[in-house]
Amino acid sequence: MTYRGVVLDVDGTVVRGDDPIPGAAEGVDRLAAAGLRRLFVSNNPTKRPRAYVSRLGDAGFDVTPDEVVTAGSVTTDFLADEHPDDSLYVIGAPSLVDQFEDAGLAVVEDAAAADVVVASIDHRFDYDVLCEALWALSDDDVRFVGTDPDMVIPAAERDVPGSGAVIHAVSGVAGRDPDRVLGKPSAETQRVVLDRLDVPPAECLVVGDRLDTDIALGERAGMTTVLVRTGVTDDRTLRESDVTPDYVLDSLGDVGRVLDD
Ligand SMILES: [Mg+2]
């Protein structure tokens, strides 16, 4: 099989914290040598693509801004397309709000004035914010959008709650599911990735460490899926999941096995 494009997850696949994952540099070089168009796709909603360029650069990977897609950029584009004139009540990091405001979107402090409630990882999330979200979403006309489904995210010492935790808290109290949850594996992210790569999904690889986001995205889009064992997925998780990757590699460094298959 000849591949022409690759979607690469970032954390747990290429880097861990600020450090390159052993084998990742060789794998990235191997993909480049095989001529694959590439995108680095992260479910982090708080960092802009250009922040990833410097983070990946510091870890030794030379990447351009148009090679990076984040849950923040997908959510911003979605809101700009679907809700350009709506008022957004944002439960999220200041850096997410900045991304929305830079795109000309209107973010309001008063939840009662919101047309859309956006839920995302937010270190200041508390009982008062949950009350505001509950009251805003009691109006069925108010839309409910999440940036990404990640329930927990790896931090330096141990896992911490991610956007999925905030979205579920709001969803539970409001008694309704989100209208959209962006990031991987959403249809919106699939579309952005395939448009940007400009390669048919059957000729794309997706490489990541997470079954319910990276591998699920590839499976839904019709790509060949490659799980790497350098991140969050252990043997037991893999055994018990109904998401089955086409390949399982010890690290991205072994990607030649897939290209040569
Ligand atoms: Mg990952």
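Residues numbered from 1 in each chain as written. Predicted model: local features only at pLDDT ≥ 70, side-chain atom pairs only at ≥ 80, totals over all residues. Heavy atoms only, no water.

(A) A look at the pairing of strand β6 (residues 87-91). Counting buried residues in β6 gives five out of five residues, a clear majority hidden from the surface. Judged by which residues are buried, β6 turns out to be covered on both faces: Ser-87, Tyr-89 and Ile-91 on one side and Leu-88 and Val-90 on the other are all buried. Where β6 lies against strand β7 (residues 106-107), two bridges are found, and the strand directions are parallel. By the bridge assignment, Ser-87 is partnered in β7 with Ala-106. (Buried < 20%, exposed > 50% of the residue type's maximum accessible area, 1.4 Å probe, protein only. Helix = DSSP H or I, 4+ residues; strand = E, 2+ residues; numbered from the N terminus. Pairing = 2+ DSSP bridges.)

(B) Region of the structure containing the side chain of Asp-209. Topologically, Asp-209 is positioned in the loop between β13 (204-208) and α8 (211-221). With near-sequence residues (within four places) excluded, Asp-209 lies in contact with Asp-9, Asp-11, Gly-12, Thr-13, Asp-214, Leu-227, Val-228, Gly-231, Val-232 and Thr-233. (Contact = heavy atoms within 4.5 Å.)

(C) How the structure looks around the sheet that holds strand β14 (residues 224-228). Judged by pairing direction, the sheet is parallel, and its six strands sit side by side in the order β5-β4-β1-β13-β14-β15 without closing on themselves. With one partner strand each, in any of the chains shown, β5 (68-70) and β15 (247-249) form the two edges of the open sheet. Averaged over all pairs of adjacent strands, the angle between their axes in this sheet comes to 20°, without regard to strand direction. Pairing of strand β1 (residues 5-8) with strand β4 (residues 37-42), which is carried by four bridges, proceeds in the parallel orientation. Bridge pairing links Val-6 to Arg-38 in β4. (Axes fitted to C-alpha atoms, helices over the stretch in contact; angles between N-to-C directions.)

(D) The arrangement of the domain arrangement of the protein in detail. The domain boundaries assigned to the protein delineate domain 1 (5-43 + 184-259) and domain 2 (72-181). Measuring from the centre of the C-alpha atoms in domain 1 to the corresponding centre in domain 2 gives 27 Å. With ten residues of domain 1 at the contact, the number on the domain 2 side is ten residues. Taken together, both faces of the contact between domain 1 and domain 2 bury some 750 Å²; the carbon and sulfur share is 52%. For domain 1, the biggest contributors to the area lost against domain 2 are Asn-43, Glu-188 and Arg-210; these three give 58% of the whole. Where domain 1 touches domain 2, the interface holds two salt bridges. As a salt-bridge pair, Arg-210 and Asp-150 come within 3.8 Å of each other at their nearest N and O atoms. Put simply, domain 1 and domain 2 have three residue pairs in polar contact (both at pLDDT 80 or more) between them. Here the side of domain 1 that touches domain 2 gets three residues from one element, more than from any other, and that element is helix α7 (residues 187-197). (Domains from an automatic or database assignment. Buried area = accessible area lost by both parts, 1.4 Å probe. Salt bridge = Lys/Arg side-chain N within 4 Å of Asp/Glu carboxyl O. Polar contact = N/O pair within 3.5 Å; in protein donor to acceptor, adjacent residues only side chain to side chain.)

(E) Just the sheet that holds β7, in detail. Pairing is parallel across the open sheet formed by five strands, whose spatial order is β7-β6-β8-β9-β12. The open sheet is flanked by β7 and β12 (180-181), the only strands paired with a single partner. Contacting β6, β8 (116-119) and β9 (143-146), helix α5 (residues 127-137) crosses the sheet at an angle of about 145° to β6.

(F) Molecular detail of a negative patch on the surface. A cluster of acidic residues, Asp-98, Glu-101, Glu-109 and Asp-110, forms a negative patch at the surface. On the secondary structure map, Glu-101 appears in helix α4 (residues 94-102). Assessed through its relative accessible area of 42%, Glu-101 is described here as partly exposed. (Patch = residues over 30% accessible without salt bridge, like charges linked within 9 Å, V, L, I, M, F, W, Y side chains within 5 Å. Areas by Shrake-Rupley, 256 points an atom, 1.4 Å probe, with all protein chains shown as cover. Lys, Arg positive; Asp, Glu negative; His and termini not counted. Charge placed at Lys NZ, Arg CZ, Asp CG, Glu CD.)

(G) Seen up close, the nonpolar core. Within the largest apolar cluster, 28 residues are counted, with the highest numbers of intra-cluster contacts made by Val-14, Leu-31, Leu-56, Phe-61, Leu-205 and Leu-252. Here this core takes three residues from helix α1 (residues 24-33), the largest share from any one element. In contact with Leu-56, other than residues within four places in its own chain, are Val-10, Val-14, Val-15, Phe-40, Phe-61 and Val-63. Counting 26 residues, the second largest nonpolar core, distinct from the first, contains Phe-78, Val-97, Val-145 and Cys-204. (Core = buried A, V, L, I, M, F, W, Y, C linked by side-chain atoms within 4.5 Å.)

(H) Fine view of unusual backbone geometry. Following Lys-184, the chain continues to Pro-185 via a peptide bond in cis, the omega torsion being 5°. Mapped onto the secondary structure, Pro-185 falls in the loop between β12 and α7. Positive phi values are uncommon outside glycine, yet Asp-198 reaches one of about 55°. Position of Asp-198 among the secondary structure elements: in the loop between α7 and β13.

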